[in-house]
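Chain residues, written in single-letter form:
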Amino acid sequence: MAPVPDLVLHAGQAVVDGDPTGPTTVVVHAGVVEVVAPLDRSVTGREVVDLGADEVLLPGLVDTHVHVNEPGRTEWEGFATATRAAAAGGVTTLVDMPLNSLPPTLDPESLAVKRAAAAGQCHVDVAFWGGAVSGNLGRLRPLLDAGVLGVKCFLPDSGVPEFPAVDAAGLRRAAEEVAAAGGLLLVHAEDPAVLAAAPEPAGRSYRAFLASRPSAAEDAAIARVVEVARDTGVRVHVVHLSSASALPVIAAAKAEGVAVSVETCPHYLVLRAEDVADGATPAKCCPPLRDDVNRDALWAGLADGTIDLVVSDHSPCTADLKSLDTGDFAAAWGGIASVQLGLPLVWTEASRRGHRLADVVRWMSAGPAALAGFAGKGAIRPGAAADLVAFAPDADLVVDPQRLHHRNPVSPYAGARLRGVVRATWLAGRRLAPDVDGDEPRGRLLARGEA
Ligand SMILES: [Zn+2]
């Protein structure tokens, strides 16, 4: 006789293996989805959950772009707070970026330091990207072998001195080395020469800040990245695409068979330059929020598959570094912290534009899981991790930064009314309780290929 399942969920609606489905029963044992079947309330287990009539069962989100900053800048963000925010937002796996922590993740030793800092603190599963900088070229293979999912480099200045950019020759060297290792190269694609030729940002003016980071910088850098990917055969991923004018180059590269993928972020899909008031530095990020025409074109790029996925680029800092008092866009740290809000943000705008919840799941769960190489995540299907979310797509949420779990309550979304509420999150079949102090952190630290 089969053992009694650990958990049985009955849902009126679900997104199963990428498709919207009606009434569904999901049976979970030992952290894994065992059975997905039409609703059958006679199926029982140690724990049985009936989702509310207004809730849809989704696979947990995978957020491959999170800056945790611990150790070294833990006052900006730490593993406990970031993963608690993730859990509250329906994100069951996050991948930490290699920079803004000290040390940055540039070799097996620094990866070990990061893993030690994260151990025992994580409320969701956590994996790590490594970094490629001018100083560790030629030593990327041991870093990949130590378990990072891939390596990220910057073409412009990264904002922190310990993570220097690679120049054109360095990009090519990194690509060759990562290609030889069968790895993945992530690129922050803004061209430093185009940025240097652009006007300097000036004080509180958002228009001046936007002019300092033109679309042309992204477009030039992405053209170069595509060329290097074509020449070297490296798998390359463009992080946080903001400039929609780069989409034709990306689409053409994909059609040609170049191994390039692209992400954008909730803020580029939701916020518009036209709405950013002068001095409103919570909205500063690099590359910047652009105009409404650009935003529409990013949505079109998502709809036609040129953009593969949507991840947060959760990049917090302390409130003082956001220069809230002066509103100086030149001085403020660039970054928006939204790991907890990604799902309602994207759903609010996606639903308005006629997209389905299954599309959002493809962009925010299946797509990032594939990028991370986690074959057992990103979908509700037998054999996959029982990482699950009960989401109420028609419920209202008003953003109160004080109630977000990330460490520093700064948000450009303060007061925004969003559509969709995460009601519950399960990690490996166990319900997370991010609102409860002292909830035991049960997230695992994952290396390449471990999920
Ligand atoms: Zn980032």
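Residues numbered from 1 in each chain as written. Predicted model: local features only at pLDDT ≥ 70, side-chain atom pairs only at ≥ 80, totals over all residues. Heavy atoms only, no water.

*Asks:* Looking at this structure, how should I read the coordination of the zinc ion?
*Replies:* By definition of the ideal shapes, a tetrahedral metal site with four donors has angles of 109.5 degrees and an octahedral site with six donors has angles of 90 or 180 degrees. Each protein donor to the zinc ion is listed here as His65 (NE2), His67 (NE2) and Asp313 (OD); together their distances run 2.1 to 2.2 Å. Counting residues between consecutive donors of the zinc ion along the chain gives the motif H-x1-H-x245-D. Like histidine 65, the residue histidine 67 is buried in the burial classification. (Donors = N, O, S within 2.8 Å, 3.2 Å for Na, K, Ca; no water. Buried < 20%, exposed > 50% of the residue type's maximum accessible area, 1.4 Å probe, protein only.)

*Asks:* Honestly, the pattern of salt bridges in this entry has me stumped. Any pointers?
*Replies:* If the charged atoms of two oppositely charged side chains come close together, the side chains can form a pair. Under the counting rule described, the total for this entry stands at 30 salt bridges. Between aspartate 308 and lysine 254 there is a salt bridge whose closest N-O contact spans 2.7 Å. With aspartate 308 in the loop between α10 (292–303) and β16 (309–310) and lysine 254 in helix α8 (residues 247–256), this pair connects stretches of sequence that are 54 residues apart. The class for aspartate 308 is partly exposed, based on a relative accessible area of 28%. Where salt bridges share partners, they join Arg272, Asp275, Asp292, Arg295, Asp296, Glu349, Arg352 and Arg353 into one cluster. (Salt bridge = Lys/Arg side-chain N within 4 Å of Asp/Glu carboxyl O. Helix = DSSP H or I, 4+ residues; strand = E, 2+ residues; numbered from the N terminus.)

*Asks:* I would appreciate a short explanation of the packing of helix α7 (residues 215–232) against α8 in the present structure.
*Replies:* Contact geometry of α7 with α8 gives a least axis separation of 10 Å together with a crossing angle of 10°. By the criterion of interaxial angle, the relationship of α7 to α8 is roughly parallel. Residues Ile222, Ala223, Val226 and Arg230 of α7 touch α8, and the partners they reach there are Val249, Ile250, Ala253 and Glu256. Split by residue class, the contact of α7 with α8 holds six nonpolar, no polar and two charged. (Axes fitted to C-alpha atoms, helices over the stretch in contact; angles between N-to-C directions. Parallel < 35°, antiparallel > 145°, perpendicular 65-115°, else oblique. Contact = heavy atoms within 4.5 Å. Nonpolar A, V, L, I, M, F, W, Y, C, P; charged D, E, K, R; others polar.)

*Asks:* Can you walk me through the sheet that holds strand β17 (residues 388–398) in this structure?
*Replies:* One key point about sheets: their strands pair by backbone hydrogen bonds, in either a parallel or an antiparallel sense. Taken in spatial order, the six strands line up as β3-β2-β7-β17-β18-β19 in an open sheet, and their pairing is mixed. At either end of the open sheet lies a strand with only one pairing partner, and these are β3 (19–21) and β19 (430–431). With three bridges connecting them, strand β2 (residues 13–16) and β3 associate as antiparallel partners. Residue pairing for β3: valine 16 is matched across the bridge by aspartate 19. (Pairing = 2+ DSSP bridges.)

*Asks:* What exactly am I supposed to notice about the pairing of strand β13 (residues 184–188) here?
*Replies:* Looking down a regular strand, the side chains alternate between one sheet face and the other. For β13, the tally of buried residues reaches five of five residues, placing the bulk of the element in the interior. The alternating pattern of β13 places Leu184, Leu186 and His188 on one face and Leu185 and Val187 on the opposite face, and all of these are buried. With four bridges joining them, strand β12 (residues 151–154) and β13 adopt parallel strand pairing. Bridging from a neighbouring strand, valine 151 pairs with leucine 185 of β13. Here β13 runs beside strand β14 (residues 235–238); their pairing, made up of four bridges, is parallel.

*Asks:* Looking at this model, I keep getting lost on the packing of helix α11 (residues 342–352) against helix α12 (residues 357–372). Mind explaining?
*Replies:* Direction vectors running N to C along α11 and α12 enclose 135°, while the axes themselves pass 10 Å from each other. Compared by their axis directions, α11 and α12 come out oblique. The two elements α11 and α12 cross, and the hand of that crossing is right-handed. Contacts from Gly342, Leu343, Val346, Trp347 and Ala350 in α11 reach Leu357, Val360, Trp363 and Met364 in α12. (Left-handed = near helix turned anticlockwise from the far one by under 90°.)

*Asks:* Please explain the nonpolar core as it appears in this structure.
*Replies:* Counting residues in hydrophobic clusters, the biggest one holds 99 residues, and the most contacted among them are Leu58, Val151, Leu171, Leu185, Val187, Leu241 and Trp363. The next biggest cluster of nonpolar side chains, apart from the first, holds 23 residues, and it includes Leu99, Leu106, Val160 and Phe163. (Core = buried A, V, L, I, M, F, W, Y, C linked by side-chain atoms within 4.5 Å.)

*Asks:* Explain α12 to me, please; I cannot follow it from the model alone.
*Replies:* Residues lying three or four places apart along an α-helix face the same way, a consequence of the helix completing one turn every 3.6 residues. With 16 residues, α12 extends 22 Å between its outermost C-alpha atoms, agreeing within 8% with the 22 Å of an ideal straight helix rising 1.5 Å per residue. At tryptophan 363, α12 is bent by approximately 30°, the largest bend along its length. The buried fraction of α12 is high, at 13 of 16 residues. Glycine 373 sits one or two positions beyond α12 and adopts a positive phi of about 80°. (Expected span 1.5 Å × (residues − 1). Bend = angle between axes of the 7 residues up to and from the residue.)

*Asks:* Even after reading the chapter, I still don't get unusual backbone geometry, so can you show me in this structure?
*Replies:* Generally, phi is negative for residues other than glycine and the peptide bonds are trans, each holding for most cases. A cis amide bond links leucine 102 to the next residue, proline 103, at an omega of 0°. On the secondary structure map, proline 103 appears in the loop between β9 (91–96) and α2 (108–118).

*Asks:* In this structure, what is going on with the packing of aromatic side chains? I would like to understand it.
*Replies:* Each aromatic ring pair is specified by the distance between its two centres and by the angle formed by the two planes. Per the stated rule, a full pass over the model turns up seven aromatic pairs. Linked through ring pairs, Tyr206, Phe209 and Phe329 together constitute an aromatic cluster. The ring of tryptophan 76 is capped by arginine 73, whose NZ or CZ atom sits 5.2 Å from the centre of that ring. Across from the ring centre of tryptophan 426, 5.9 Å away, lies the NZ or CZ of arginine 431, which sits over that ring. (Phe/Tyr/Trp six-rings, centres within 6.5 Å; stacked < 30°, edge-to-face > 60°. Lys NZ or Arg CZ within 6 Å of the ring centre and 35° of its normal.)

On their own, these measurements won't tell you what the molecule is for.
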